Amino acid sequence: MADFLQKHLREKAEGQEQLNILLNQWEFDKKLIPKALQNVGQLFPHYSLHDQSHSNQILINIERILGQHRIPKLSATDTWLLLESAYWHDIGMVVAHTTIEKDLKDNDKFKQYVAQIASDKSNELSQVAQQFDVQDLSKAFIGAKDPLDAMNKFRFLMAEWYRRSHAKRSEDTINDPLNTLGLTSPRTELIPNRLFKLLGRICAFHGDSFENLMEELPHKAAGLSNDDCHPRFIACLLRLGDLLDIDDNRFCPIMQRLIGNDRPTLTKAHEDKHSSIRHLRIDSERVEIIAVTDSEDGYLEQWRWLEFIQTEIQKQMAKWQDIAPSAELGLLPTLGKIKVDLNGKKLLLSDGKRPEFSLDAKGAMRLLKGDNIYKQEDAMRELLQNAVDATLIRIWLEMKADHDGKDKNDFEKIKNAPNETVNSYNKCNRFD
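To keep things clear, this report deals only with the structure shown in the data block. Here the structure is a predicted model, which is why all the values come from computation and not from measurement.

Another point: the nonpolar core. Judged by nonpolar contacts, the single largest core of 101 residues is most densely connected at F110, F233, I289 and I309. A per-element tally of this core places helix α2 (residues 17–37) first, with 9 residues. With sequence-adjacent residues up to four places away left out, I289 is seen in contact with L244, I246, I277, H279, L280, L306, I309, K337, I338 and K339.

The end-to-end C-alpha distance of helix α9 (residues 147–164) is 26 Å, a good match for the 26 Å that 18 residues give at a rise of 1.5 Å each. Residues of α9 that are buried: D149, N152, K153, R155, F156, L157, M158, A159, E160, W161 and Y162. Each element contacted by the buried residues of α9 is listed here: α3 (40–43), α6 (97–106), α7 (108–119), α8 (126–131), α10 (166–175) and α15 (253–259).

Right, let's get into the packing of aromatic side chains. Aromatic ring pairs are reported here in terms of the distance separating the ring centres and the angle at which the planes meet. Within this structure, the stated rule accounts for 12 aromatic pairs. Measuring from ring centre to ring centre gives 6.4 Å for W161 and Y162, while their planes differ by 65°; the resulting arrangement is edge-to-face. The two residues W161 and Y162 agree in class, both being buried. Ring pairs connect the aromatic residues F110, Y113, F132, F154, W161 and Y162, which therefore count as one cluster.

A few words now on the pairing of strand β5 (residues 334–341). Bridge count for strand β4 (residues 286–292) against β5 is 6 bridges, and the pairing is parallel. By the bridge assignment, V292 is partnered in β5 with D341. In the classification by handedness, the crossover that spans β4, the intervening helix α17 (residues 296–318) and the parallel β5 is right-handed.

Strand-to-strand pairing in sheets goes through backbone hydrogen bonds, with the strands running parallel or antiparallel. Taken in spatial order, the 3 strands of this open sheet run β3-β4-β5, and their pairing is mixed. Among the strands making up the open sheet, the edge pair consists of β3 (277–282) and β5. The mean inter-strand angle of the sheet, taken between neighbouring strand axes irrespective of direction, is 5°. Sitting on the sheet, α17 is in contact with β3, β4 and β5, with an inclination near 170° to β5.

Tallied over the entire structure, the rule returns 19 salt bridges. Note that R263 is salt-bridged to E271, the shortest N-O span being 2.7 Å. By relative accessible area, which is 16% here, R263 ends up buried. A relative accessible area of 12% places E271 in the buried class. Two residues, E288 and R281, come together in a salt bridge whose shortest N-O distance is 3.9 Å. E288 sits in the buried class, given a relative accessible area of 15%. What emerges from the salt-bridge pattern is a single network uniting K168, E171, D172, R201 and E216.

It is worth spelling out the layout of surface pockets at this point. The volume enclosed by the largest pocket comes to roughly 1,400 Å³. R163, H166, R304, W305 and F308 are, among the 46 residues lining the largest pocket, the residues nearest its centre. Breaking the lining of the largest pocket down by element, the ones donating at least two residues are α9, α10, α12 (193–204), α14 (231–243), α16 (265–275) and α17. Among the elements that line the lining of the largest pocket, the one with the most residues is α17, at 6 residues. Within the lining of the largest pocket, the residues separate by chemical class into 15 nonpolar, 15 polar and 16 charged. The volume enclosed by the second largest pocket comes to roughly 270 Å³. Taken together, 17 residues form the lining of the second largest pocket, with V40, G41, Q42, P45 and M255 sitting closest to its centre. Where the lining of the second largest pocket is concerned, the elements lending two or more residues are α3 and α15. For the lining of the second largest pocket, the class distribution of residues is 10 nonpolar, 5 polar and 2 charged.

Turning next to the packing of α6 against α9. Relative placement of two packed helices is described by the angle separating their axes and the distance separating the axes. Contact pair α6 / α9: the axes reach a minimum separation of 12 Å and the direction vectors enclose 90°. Classified by the angle their axes make, α6 and α9 are roughly perpendicular. Contacts between α6 and α9 involve T99, I100, D103 and L104 from the first element and F154, M158, W161 and Y162 from the second. Here the residues of the contact of α6 with α9 sort into 6 nonpolar, 1 polar and 1 charged.

With respect to the helices and strands, the residue H50 is situated in the loop between α3 and α4 (52–66). A sequence separation of 201 residues divides H50 from F251, and the C-alpha atoms of the two residues are 9.6 Å apart. Apart from residues no more than four positions distant in its own chain, H50 is found in contact with L37, V40, D90, M93 and R250. Separated by 2.7 Å, the side chain of H50 and the backbone oxygen of S48 make a polar contact.

Basis of the calculations
Residues numbered from 1 in each chain as written. Predicted model: local features only at pLDDT ≥ 70, side-chain atom pairs only at ≥ 80, totals over all residues. Heavy atoms only, no water. Core = buried A, V, L, I, M, F, W, Y, C linked by side-chain atoms within 4.5 Å. Buried < 20%, exposed > 50% of the residue type's maximum accessible area, 1.4 Å probe, protein only. Helix = DSSP H or I, 4+ residues; strand = E, 2+ residues; numbered from the N terminus. Contact = heavy atoms within 4.5 Å. Expected span 1.5 Å × (residues − 1). Phe/Tyr/Trp six-rings, centres within 6.5 Å; stacked < 30°, edge-to-face > 60°. Pairing = 2+ DSSP bridges. Right-handed = clockwise from strand over helix to strand, strands pointing away. Axes fitted to C-alpha atoms, helices over the stretch in contact; angles between N-to-C directions. Salt bridge = Lys/Arg side-chain N within 4 Å of Asp/Glu carboxyl O. 1 Å grid on protein atoms, 1.4 Å probe; cavity = no way out; pocket = protein on both sides within 12 Å on 5 of 7 lines; lining within 4 Å. Points joined across faces, edges and corners; volume = space filled by probe spheres on them. Nonpolar A, V, L, I, M, F, W, Y, C, P; charged D, E, K, R; others polar. Parallel < 35°, antiparallel > 145°, perpendicular 65-115°, else oblique. Polar contact = N/O pair within 3.5 Å; in protein donor to acceptor, adjacent residues only side chain to side chain.

Written out as structure tokens, the structure reads:
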């Protein structure tokens, strides 16, 4: 558990009745939200863990990035937002039965999603989507080989649909937890509703672009009482803490057994990605990650994820003065060695790319046309040489036919005539 952040919030709340309200809200939510997150596995059993353990690890990563010496510099409202956002940010992956029912019947965007997946032959859900009849659900998955197959196909298709929108769905749930999921998180006028809406926006931006985050979230805002808060700062730390939860214990063996061997290829790639971690350093000075995987899919997924981490840190570094509350918070850790190997194999032509055969059409045409094979004078010489050769061979063939039966010495002279003529021609060397 993220003890340093919690301890800091308690210390800030001591003796300040208004700030103590933030602590009370957190103490309630940290027990309530994990109960809801336990249901993520209903629709996402093939995913890495998105339960309380994931939320706690995000907070631990944030503590590592900040360092114990900088946590006391955080305001009470900033600390509260960090704790709450780590727990709420994936609540959009908990999907109520009524929501699924409504999307299956009335959501035009869902129908477009199924059609798009069906037309994308490279997507392993393509055949599933082709069999899924959105107009007549009684005929859905007629091609399934058995009930378990049908259940898994339906789960994978719906999971991908809700994954794409889960960050925005988290914001909606934070704004109205009771009506969306039946969560009875206490909300009173003691904490301004705008702070809960701000919490929702922060969570929504863990699935949006960094550029949109910088554009739409303010650098500074009023917190509770005489406190200030820094929404950009909280959202950026949430993104880093989330991306850096890549250790090799993210997949639950029990959940893997429950879903069986028919897990999607991408799921198996993510399993390999996490199990490939060999060295992990996260602290206020440096981030280092070294991974070694045996599978090509795992290599490619790990490479993609490490690129996400590098890009995010670099973008935040470039804008850190517009993100951090003050210079007292210092800088982000620098990037150390970030590397993934395919267990010594040489299956890849370049880093992070799958091996493939391709042909440069323009280059092939240049070769066929003889471009760059000869210089201009060499080309003329070759043409003349070919013409002379062809002429002499034709003469030899015709003269051979005319002199059949003649003296053998005469015939040898005729036969050697082309070579002698060519040698004489080469000695001329007119184009040197």
